[in-house]
Amino acid sequence: MDEHDRIAVVDFGGQYAHLIATKVRRERVLAEIRQPEDPVSAFAGMKGVILSGSPSLASGDEGGFNTAILDLDVPILGFCFGHQEIAKRYGGRVEHCKSEYGPARLQVTGETPVFEGLPAHQTVWMSHQDTVVSVGDGFEEVGISFDHDGTAHRFAAIADETRRRYGFQYHPEVDDTEHGEAMLRNFVRRVCGCRGDWTMERFLENQIEAIRRDVGDRRVFLLASGGVDSTVCARLLGEALGPDQLHL
């Protein structure tokens, strides 16, 4: 089976974890969803980690996730809640401030590979109530945002190039962020060093090969509800095994 570079997307319960994974896969890099309470061993072999947003408030210190994930020796990029948790982990402070929702103007204020090739001013999409108000040693503010009335919001983008930790207060995975896909591409390709040689077609071939290897000459009985998961499973098993080995 082919081995591809992989990125873990930690789903903190926000709306967009699967969208983040989809955008990474469009860059021909395999993205896999992980849960916040997963052990560090679940991230073995990952080239990088992306932390999604969340309906929880980082300022409330609600916890409930394995913070050791933030100490993995791979690049980590956080969006919104993930951005705030990265700031907190390394000595920054998060406060419950004025909420910001909708388009904002991002001004790039520092050099970082995640912004390489992008304009200094661009539109991004905000959706948050908590705000990073300070960062710890090693971090730099690389972006400031301005809302519709011109109010500045500090630390809209932060970076620690030594630790390879990055945070965006906004959501680059949504189309409303003007150059969001380019930011994701820069992270997975430039920062994490992913080769970009994965395709969904090859993924299907790999799964079919794995099924045939695991099942061997045995037969499989599957209860198919007609929902998406069992239907996809039935189709894969059918492709791999054929009607003599598969009973639905």
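Provided above is the structure to which this section pertains.
Here is what the cut-offs are and how they apply
Here the residue index of a chain counts from 1 through its sequence in written order. The predicted origin of the model limits local features to residues at a pLDDT of at least 70 and limits the giving and counting of side-chain atom pairs to 80 or more, whereas totals for whole chains, interfaces and linings rest on all residues. Note that the side-chain values use all heavy atoms of the structure and ignore hydrogens as well as water. Salt bridges are counted wherever a side-chain nitrogen of Lys or Arg sits within 4 Å of a carboxyl oxygen of Asp or Glu. Per-residue accessibility, obtained with a 1.4 Å probe over protein chains only, is compared with the maximum for each type, and a residue is labelled buried under 20%, exposed over 50%, and partly exposed between these values. The way it works is that DSSP assigns letters per residue, a run of H or I at least four long becomes a helix, a run of E at least two long becomes a strand, and they are numbered from the N terminus. What makes two strands pair is DSSP finding at least two bridges between them. Each axis is a line fitted through C-alpha atoms, taken for helices only over the stretch in contact, and angles between the N-to-C directions span 0 to 180 degrees. Only buried residues count toward a nonpolar core. Its members are Ala, Val, Leu, Ile, Met, Phe, Trp, Tyr and Cys residues joined through side-chain atoms within 4.5 Å. Here, two residues are considered to be in contact whenever any of their heavy atoms come within 4.5 Å of each other.

A.B. asks: Even after reading the chapter, I still don't get the pattern of salt bridges, so can you show me in this structure?
C.D. replies: Two side chains of opposite charge can pair, provided their charged atoms sit close to one another. Tallied over the entire structure, the rule returns 18 salt bridges. Ionic pairing is found between Arg 195 and Asp 197, a salt bridge with its closest N-O pair at 3.7 Å. On the accessibility criterion, Asp 197 (34% relative accessible area) is partly exposed. The partner of Arg 202 in a salt bridge is Glu 205, with the nearest N and O atoms 2.3 Å apart. One end of the pair is Arg 202 and the other is Glu 205, both in helix 4 (residues 200-215) and 3 residues apart, which spans about a single turn.

A.B. asks: Would you explain the sheet that holds strand 2 (residues 30-34) in this entry?
C.D. replies: Sheet strands pair by backbone hydrogen bonding; their relative direction is either parallel or antiparallel. Strand order in the open sheet formed by 9 strands is 2-1-3-4-9-8-7-5-6, and the pairing between neighbours is mixed. If you trace the sheet from one side to the other, it starts and ends with strand 2 and strand 6 (121-134), each paired once. Taken pair by pair, the neighbouring strands of this sheet meet at an average axis angle of 25°, ignoring direction. For strand 1 (residues 6-10) and strand 3 (residues 48-51), the ladder comprises 4 bridges, and the chain directions are parallel. Paired with Val 9 across the bridge in strand 3 is Ile 50.

A.B. asks: What am I meant to see in the environment of Phe 203 here?
C.D. replies: With respect to the helices and strands, Phe 203 occurs in helix 4. Among the residues examined, Phe 203 registers a relative accessible area of 28% and is labelled partly exposed. When the C-alpha atoms of Phe 203 and His 4 are compared, they prove to be 9.7 Å apart, with 199 residues separating the residues in sequence.

A.B. asks: Before we go on, may I ask you to explain the nonpolar core in this structure?
C.D. replies: One broad rule of soluble globular proteins: the nonpolar side chains tend to lie buried together. The biggest cluster of nonpolar side chains holds 34 residues, and the ones touching the most others in it are Ile 7, Ile 50, Phe 115, Phe 168, Tyr 170 and Phe 187. Only strand 1, helix 1 (17-26), strand 4 (76-79), strand 5 (93-108), strand 6, strand 8 (152-160), strand 9 (165-168) and helix 3 (180-191) provide two or more residues apiece to this core. The element that contributes the greatest number of residues to this core is helix 3, accounting for 6 residues. In contact with Ile 7, other than residues within four places in its own chain, are Val 24, Val 29, Leu 30, Ala 31, Glu 32, Met 46, Lys 47, Gly 48, Ile 50, Val 188, Cys 192 and Cys 194. The next biggest cluster of nonpolar side chains, apart from the first, holds 22 residues, and it includes Met 46, Val 49, Leu 51 and Phe 139.

A.B. asks: It is not clear to me how unusual backbone geometry should be interpreted in this structure. Could you clarify?
C.D. replies: Excluding glycine, a negative phi dihedral is what most residues carry, and trans is how most peptide bonds are arranged. One non-glycine residue with positive phi stands out, namely Arg 28, at about 65°. Tracing the backbone shows Arg 28 in the loop between helix 1 and strand 2. For Arg 28, a relative accessible area of 42% translates into the label partly exposed. Not every positive phi belongs to a glycine, and Arg 164 is a case in point at roughly 60°. Inspection of the secondary structure puts Arg 164 in the loop between strand 8 and strand 9. Its relative accessible area of 29% is what places Arg 164 among the partly exposed residues.

A.B. asks: Sorry, what's going on with the pairing of strand 5 here?
C.D. replies: Side-chain direction in a regular strand flips from residue to residue, so the side chains alternate between the two faces of the sheet. When strand 5 meets strand 6, the two strands line up antiparallel, connected through 12 bridges. Bridged to His 96 within strand 6 is Asp 130. By the bridge criterion, 4 bridges tie strand 5 to strand 7 (residues 140-146) in an arrangement that is antiparallel. If you follow Leu 106 over to strand 7, its bridge partner there is Ser 145.

Purely spatial values, then, with no claim about function.
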